[in-house]
Amino acid sequence: LTGVGVTSASGAAVDPRGLALYQRLAGEGRLNLRFVASMGGYGEEGDALADPASRGTGARVRSDAVKIFADGVLEGETAALLEPYLDAEGGHMGMLNVAPDVLNARVIDMDRRGIQVHVHAIGDAAVREALDAFQAAREANGVTDNRHHIAHLQLIHPDDYPRFAELGVAADFQSVWAFPDEYIVDINTAQVGQARVDRMYPIGSLERAGATIVAGSDWNVSTPNPLVAIEVAMTRQDPEGRRTGELNADEAVSLDTMLRAYTVNGAWLMHQENETGRLAAGMKADLVVLEKDLFEVAPADIGEVGILATYLEGELVYDAASASADVAAP
């Protein structure tokens, strides 16, 4: 990940073996990034391994979060929708993985214990269920500083756009998906119709509604390269140029928005805004050196900009010249 300029990452649905591996690498001085493990599972195991006491310690690895899957995916018609799939009989609207009352109780409990909740939600019904759970937690516990977030957000009902800001829930987009790829054009359009396709990945709408926008990759499902995702967020077009067209250009956002999503906002989400995310005196020197000034590059070319070097706490952890020499060596 250092080769694409990543110095901090939040891992989704980490299992106990994965957490132990990250902790061992950190203990051996071989982990070249900061890592927050969102522990997976719906039961006691993930909750028990989530350790809010690790927050604020400066530890390279923390596990103060839990990942919950509210629904599935559109392609399998397991994403939970507020209106039926068009190509299914009987008014099929997908499925919620967790009953609302069960999710509310779990989120209230985790929020009370200081655990950050990271929700997977693709369909607009799942997004609403997650927001309802966060609202229930706020009503039960008051305002906390757990910085909950919802990831993916392929469909959100417009009525729910302002609720992110109102509830302090971060909108965690994987913007590299926000273009008319084969899934959207060849599968999703028949499933949900053009009107809902035109509402997919509403980054601009949520920004205008005051939400905190953060950015992720869902690696290894898609590229971890932030520059490619930034390009797509700005153009809403295929970064490889294989497919034509845009996915709702009204939802495009600025370079400044996406740089903040990957820096100051990401650091805030990970509760490390006093350590990294900004160039300022007293901050740890997590730095990425690019071959070009992104503000001088056409948006459609941002994904091609090279990473020259990555530093973690001032230590060089990736050097493009050395990496190229290693590849070229016999």
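So, how was this worked out
What you see as residue numbers is a count from 1 along each chain, following the sequence as written. Given that the model is predicted, a residue must reach a pLDDT of at least 70 before its local features are reported, and side-chain atom pairs must reach 80 or more before they are shown or counted; all residues, however, enter totals for whole chains, interfaces and linings. Heavy atoms throughout the structure, all of them, feed into the side-chain values; hydrogens and water do not. Helix and strand assignments follow DSSP, with helices taken as H or I runs no shorter than four residues and strands as E runs no shorter than two, numbered in order from the N terminus. In this description the radius of gyration comes from C-alpha coordinates, and the expected globular size is given by 2.2 Å times residues to the power 0.38. Buried residues are those whose accessible area, probed at 1.4 Å on protein chains only, stays under 20% of the maximum for their type, while exposed residues exceed 50% and partly exposed ones sit between those limits. In what follows, a contact means two residues having at least one pair of non-hydrogen atoms within 4.5 Å. Computed by Shrake-Rupley with a 1.4 Å probe, the accessible areas treat only the displayed protein chains as cover when residues are assessed. His residues and chain termini do not enter the charge count, which takes Lys and Arg as positive and Asp and Glu as negative. Charge placement uses NZ in Lys and CZ in Arg. For Asp and Glu, CG and CD serve respectively. What makes a nonpolar core is a set of buried Ala, Val, Leu, Ile, Met, Phe, Trp, Tyr and Cys residues whose side-chain atoms join them at distances within 4.5 Å. What makes two strands pair is DSSP finding at least two bridges between them. Convention adopted: a line fitted to C-alpha atoms gives each axis, helices being fitted over their contacting stretch, and angles between N-to-C directions are expressed from 0 to 180 degrees. This arc is taken over the directions from the axis of the helix to the C-beta atoms. Buriedness for pockets is judged along seven lines, at least five of which must meet protein on both sides within 12 Å for an open set on the 1 Å grid over protein atoms alone, while cavities are sets there where a 1.4 Å probe fits but cannot get out, and lining residues have an atom within 4 Å of a point. Grid points are joined across faces, edges and corners, and a volume is the space filled by probe spheres set on the points. Ring pairs are drawn from Phe, Tyr and Trp, using the six-membered ring of Trp, whenever the two centres fall within 6.5 Å, and their geometry is named by plane angle: stacked under 30 degrees, edge-to-face over 60, tilted for the rest. Orient the strands so they point away from the viewer; a crossover is then right-handed if the path from the first strand over the helix to the second runs clockwise.

Colleague: Would you explain the overall build of the protein chain in this entry?
Modeller: Summing up its helical and strand segments, the protein chain has 12 helices and 10 strands in all. For 330 residues, the compact-globule estimate of 2.2 N^0.38 gives 20 Å, and the C-alpha radius of gyration of the protein chain, at 20 Å, lies within 12% of that figure. The C-alpha extent of the protein chain, read off along each of the three principal axes, is 60 × 50 × 40 Å. A buried classification covers 49% of the 330 residues belonging to the protein chain. A separation threshold of at least 6 residues defines the contact pool for the protein chain, and within that pool the share at least 24 residues apart is 72%. With the model as given, the accessible surface of the protein chain reaches about 14,600 Å², and the carbon-plus-sulfur share is 51%. Distance from the positive charge centre (25 side chains) to the negative charge centre (50 side chains) of the protein chain: 6 Å.

Colleague: Just checking my understanding: could you explain the nonpolar core for this structure?
Modeller: Nonpolar side chains in soluble globular proteins tend to end up buried together. Membership of the largest hydrophobic core comes to 48 residues, with the highest contact counts inside it found for I150, F164 and L206. By residue number, the principal contributor to this core is helix 4 (residues 124-141), which donates 8 residues. With residues near it in sequence (within four places) discarded, L206 still touches I156, Y161, F164, A171, F173, A211 and I213. Judged by nonpolar contacts, the second largest core, of 19 residues, contains A79, L155, F179 and L247.

Colleague: Looking at this structure, how should I read the sheet that holds strand 9 (residues 307-312)?
Modeller: Backbone-to-backbone hydrogen bonds pair the strands of a sheet. The strands run either parallel or antiparallel. Read across the sheet, 3 strands follow the order 8-9-10 without closing on themselves; strand pairing throughout is antiparallel. Strands at the two margins of the open sheet, each flanked by one partner only, are strand 8 (287-290) and strand 10 (315-319). When strand polarity is set aside, the average angle formed by the axes of neighbouring strands in this sheet is 20°. Pairing of strand 9 with strand 10, which is carried by 4 bridges, proceeds in the antiparallel orientation. Counterpart to L312 in the pairing with strand 10 is E315.

Colleague: Help me understand helix 6 (residues 182-192), please; the structure alone is not making it clear to me.
Modeller: Residue pairs three or four apart in sequence face the same way in an α-helix, which turns once every 3.6 residues. All of the buried residues in helix 6 are I184, N188, Q191 and V192. Viewed along the axis of helix 6, the buried residues span an arc of 85°, placing them on a single side of the element. Looking at the buried side of helix 6, the elements it contacts are helix 7 (194-197).

Colleague: Mind showing me how you'd approach the sheet that holds strand 2 (residues 34-39) here?
Modeller: The 7 strands are arranged 1-2-3-4-5-6-7 in an open sheet whose pairing can be described as parallel. Across the chains shown, the open sheet's two edge strands, defined by having one partner strand only, are strand 1 (8-14) and strand 7 (213-215). Taken pair by pair, the neighbouring strands of this sheet meet at an average axis angle of 30°, ignoring direction. Bridge count between strand 2 and strand 3 (residues 61-69): 4 bridges; the pairing is parallel. Along strand 3, the bridge assignment pairs M39 with V66. Its contacts with the sheet put helix 1 (residues 16-27) on strand 1, strand 2 and strand 3, and the angle it makes with strand 3 is roughly 160°.

Colleague: Please clarify how the layout of surface pockets should be interpreted in this entry.
Modeller: A water-sized probe rolled over the atoms picks out the places where empty space is left. Its volume calculated, the second largest pocket comes out at about 180 Å³. R138, T144, H148, L167 and G168 are, among the 15 residues lining the second largest pocket, the residues nearest its centre. Here the lining of the second largest pocket takes 3 residues from helix 4, the largest share from any one element.

Colleague: What's the story with the packing of aromatic side chains in this structure? I'm lost.
Modeller: One pair of aromatic rings is described through two measures. These are the centre distance and the angle between the planes. Considering all chains together, one arrives at 2 aromatic pairs under this definition. Ring geometry for Y22 and F35: centres 3.8 Å apart, planes at 15°, overall stacked. Note that Y22 is positioned in helix 1 and F35 in strand 2, a separation of 13 residues in sequence. For Y22, a relative accessible area of 26% corresponds to the partly exposed category. When its relative accessible area of 5% is taken as the criterion, F35 is described as buried.

Colleague: Would you explain the pairing of strand 1 in this entry?
Modeller: Side-chain positions along a regular strand alternate between the two faces of the sheet. In the sheet, strand 1 pairs with strand 2 via 5 bridges, with the strands oriented parallel. Pairing of V14 across the sheet is with M39, part of strand 2. Regarding topology, helix 1 serves as the crossover connection from strand 1 to the parallel strand 2, and that connection is right-handed.

Any functional reading would require information that these geometric values do not contain.
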